[in-house]
Amino acid sequence: MKVVRTIAELELEPGTGLVPTMGALHAGHRALLTAARHENDRVVMSLFVNPAQFGERADLDAYPRDEARDLEIAEAEGVDLVFAPAADELYPAEFATWVEPEQAGGEGTARPGHFRGVATVCLKLFNVIRPERAYFGQKDAQQVAVIRQLVRDLNVPVEIRAIATVRDDDGLALSSRDVHLSPEERERALGLPRALQSAVGAADPVAAARASLNGLQPDYVEAVDLGDAKVLAAAVRVGSTRLIDNVLLEGEIG
Ligand code: PAF
């Protein structure tokens, strides 16, 4: 497995599948890598904690990082090349052009500027790696919708694949941020998937989920229209950790 840190070192190859990540890899990322390995001749994983998608500096600083472990996992999953640039490789001092998705509701409203940062970095990764397919997790359902819209609107020649959320046995969706949860917080965090799941099929899923949050403070609970699908999505804070999750209400995300 090759690790490169500059755009100049990236070799373009047909049949490439891209798995964009911010590292701190877990079984959810492994599922993306496995799907990419099955469907492509070559797998490239990007490893870049994208400053442009974080609102608060403290959140960016607290994001878990362990490159040595991430590279071991990537190697074990059969990744051919890891692109792990420094921030100024993707955002040099003179950088001045941004992609502005018009995504309201859910994460779009709760984290102003977040999808601008996600869309900009993903378009840059698509341009420098030129993958045939790119892999994203359904846990970030709105992110999938933003990227699909970007690809349609800007005619980017890449197929966007959405892979099912990976959960622990007790239902908690895997997230890089889970490492910040104490055992007691992790127990409380289970209230999120349980509330969302219990609301599927209710006459008013938003109200039903809110009523079942078991004391967890939501940033939002919303039915979010993703075009082909509608999901019930929520973000909660458990201690200082912000967690998101969603369940499908209608349609299909994949
Ligand atoms: O989902 C993530 O980890 C990030 O938003 C992504 C897609 C790698 C862009 O920085």
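Novice: Run through the site of the ligand, naming residues and quoting values.
Specialist: For the ligand, the full set of nearby residues is Pro20, Thr21, Met22, Asn50, Gln53, Val118, Val121, Phe136 and Gln143. The separation between an oxygen atom of the ligand and a polar side-chain atom of Gln53 is 2.6 Å. Measuring from an oxygen atom of the ligand, one finds a side-chain N or O atom of Gln143 at 2.7 Å. Look at the ligand: alone it shows 290 Å² of surface, and the protein chains cover 88% of it.

Novice: Report on the packing of helix H6 (residues 114-129) against helix H7 (residues 141-153), specifying residues and quantitative values.
Specialist: Orientation of H6 relative to H7, taken along the N-to-C sense of each, is 55°, at an axis distance of 10 Å. When the interaxial angle is binned, H6 and H7 end up oblique. As H6 packs across H7, the resulting crossing turns out to be right-handed. Seen from H6, the contacting residues are Phe115, Val118, Ala119, Cys122, Leu123 and Phe126; seen from H7, they are Gln142, Gln143, Val146, Ile147, Leu150 and Val151. For the contact of H6 with H7, the class distribution of residues is 10 nonpolar, 2 polar and no charged.

Novice: Summarise the packing of aromatic side chains; cite the residues concerned and give the values.
Specialist: Considering all chains together, one arrives at 5 aromatic pairs under this definition. Both rings, one in Tyr91 and one in Phe95, keep their centres 5.1 Å apart while their planes meet at 90°; by these two values the pair is edge-to-face. What makes Tyr91 buried here is its relative accessible area of 14%. Linked through ring pairs, Phe48, Tyr91, Phe95 and Trp98 together constitute an aromatic cluster.

Novice: How would you explain helix H3 (residues 67-76) if you had to name every residue and give the values?
Specialist: All of the buried residues in H3 are Asp70, Leu71, Ile73 and Ala74. Projected down its long axis, H3 shows its buried positions confined to an angular sector of 160°, all on one face. Opposite the buried face of H3, at more than 90 degrees from it, the exposed residues are Ala68, Glu72 and Ala76. Packing partners of the buried residues in H3 comprise strand S1 (2-4), helix H1 (27-39), strand S3 (42-47) and strand S4 (81-83). Backbone geometry just after H3 places Gly78 at a positive phi near 80°.

Novice: I'd love a proper account of the sheet that holds strand S9 (residues 241-251), names of residues and values included.
Specialist: Ordered in space as S7-S8-S9, the 3 strands form an open sheet in which the pairing is antiparallel. Looking along the sheet, the strands with just one partner apiece sit at the ends: strand S7 (217-225) and S9. The mean angle between the axes of side-by-side strands here comes to 15°, regardless of whether they run parallel or antiparallel. Across the sheet, helix H9 (residues 191-199) lies against strand S8 (229-238) and S9, angled at about 15° from S9, the strand it touches most.

Novice: Please set out unusual backbone geometry residue by residue, giving values where relevant.
Specialist: Phi is positive for Arg130, close to 50°, though the residue is something other than glycine. Assignment of secondary structure puts Arg130 in the loop between H6 and strand S5 (133-137). Taking relative accessible area as the criterion, Arg130 reaches 53% and is therefore assigned exposed. Of note in this structure, Asn155 is not a glycine but carries a positive phi near 55°.

Novice: Lay out the side chain of Thr120 with the relevant residues and their values.
Specialist: Considering the arrangement of structural elements, one finds Thr120 in helix H6. For Thr120, the contacting residues outside a window of four places in its chain are Tyr91, Phe95, Thr97, Trp98 and Val99.

Parameters at a glance
Residues numbered from 1 in each chain as written. Predicted model: local features only at pLDDT ≥ 70, side-chain atom pairs only at ≥ 80, totals over all residues. Heavy atoms only, no water. Near = heavy atom within 4 Å. Polar contact = N/O pair within 3.5 Å; in protein donor to acceptor, adjacent residues only side chain to side chain. Areas by Shrake-Rupley, 256 points an atom, 1.4 Å probe, with all protein chains shown as cover. Axes fitted to C-alpha atoms, helices over the stretch in contact; angles between N-to-C directions. Helix = DSSP H or I, 4+ residues; strand = E, 2+ residues; numbered from the N terminus. Parallel < 35°, antiparallel > 145°, perpendicular 65-115°, else oblique. Left-handed = near helix turned anticlockwise from the far one by under 90°. Contact = heavy atoms within 4.5 Å. Nonpolar A, V, L, I, M, F, W, Y, C, P; charged D, E, K, R; others polar. Phe/Tyr/Trp six-rings, centres within 6.5 Å; stacked < 30°, edge-to-face > 60°. Buried < 20%, exposed > 50% of the residue type's maximum accessible area, 1.4 Å probe, protein only. Arc of directions from axis to C-beta. Pairing = 2+ DSSP bridges.

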